[in-house]
Amino acid sequence: MDNEIPSIVIASNGCNDRILREIKAGIEEEGLPYKVYIDSNKFNRIPYNTALISKFGIGVFANKDNLTLYYSKMPNKKPVFDISITDSDYQVARNFGTNAARLYKGLPFKFNAKSEEQDKNGVLENIVREIAAKYKSSI
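Computed from a prediction, not measured in an experiment: that's the story for all the values here.

### Side note on the nonpolar core
The biggest cluster of nonpolar side chains holds 27 residues, and the ones touching the most others in it are Ile8, Ile23, Val60, Leu67 and Leu69. Counting residues per element, the ones that place at least two in this core are strand 1 (8–13), helix 1 (17–29), strand 3 (58–63), strand 4 (66–71), strand 5 (81–84) and helix 3 (90–105). Broken down by element, the residue count for this core peaks at six residues, all from helix 3. Counting eight residues, the second-largest nonpolar core is a separate cluster that includes Ala11, Phe43, Tyr48 and Tyr70.

Encoded structure:
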């Protein structure tokens, strides 16, 4: 029997400690658990696997330059967010963690200029439609 607590999986490879702390704080603020893999080679080749091993189906891959949010119901090449960051983008990192949790909860995302700029493929619009369809079918 698998006793692992369902959680959002975070894989960090070279990510600034403060950025990682802000991602975790954003998830915590939404009341969800997370599991962190630090400098694990397990996800370097296929970061999408973070979403596949998460019982919530939500994975975060963070490195020095990018934060990427994956959802297991989306194709591997279509992350929900793929945001370029600097070492001082603390609020962006916190909102990113919040949005990872809100994806699971089906709540509206918190936006900032960087996340809006990165949604070039309309991925967010598609996710919102999927969540709305599930909500309508449950009424």
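### Regarding the side chain of Thr50
If you trace the backbone, Thr50 turns up in helix 2 (residues 49–53). Side-chain polar atoms of Thr50 contact the backbone oxygen of Pro47, separated by 2.8 Å. When sequence neighbours within four positions are dropped, the list of residues in contact with Thr50 reads Val9, Ala11, Phe43, Ile58, Gly59, Val60 and Tyr70.

Parameters at a glance
- Note that residues are indexed from 1 along each chain, following the sequence as it is written.
- Note on the predicted model: pLDDT of at least 70 is required for a residue's local features to be given, and 80 or more for side-chain atom pairs to be given and counted; whole-chain, interface and lining totals, by contrast, use all residues.
- Only hydrogens and water are set aside when side-chain values are computed; all heavy atoms of the structure are taken into account.
- Residues grouped as a nonpolar core are buried Ala, Val, Leu, Ile, Met, Phe, Trp, Tyr and Cys residues, joined through side-chain atoms within 4.5 Å.
- Categorising residues by exposure relies on relative accessible area from a 1.4 Å probe, with only protein chains included: less than 20% of the type maximum marks a residue as buried, more than 50% marks it as exposed, and the intermediate range marks it as partly exposed.
- Helix and strand assignments come from DSSP, with helices taken as H or I runs of at least 4 residues and strands as E runs of at least 2, each series counted from the N terminus.
- Nitrogen and oxygen atoms within 3.5 Å of one another constitute a polar contact, given that in protein one can donate a hydrogen and the other can accept it, and given that sequence-neighbouring residues count only through two side-chain atoms.
- Whether two residues touch is decided by their heavy atoms; if any such pair falls within 4.5 Å, the residues are in contact.

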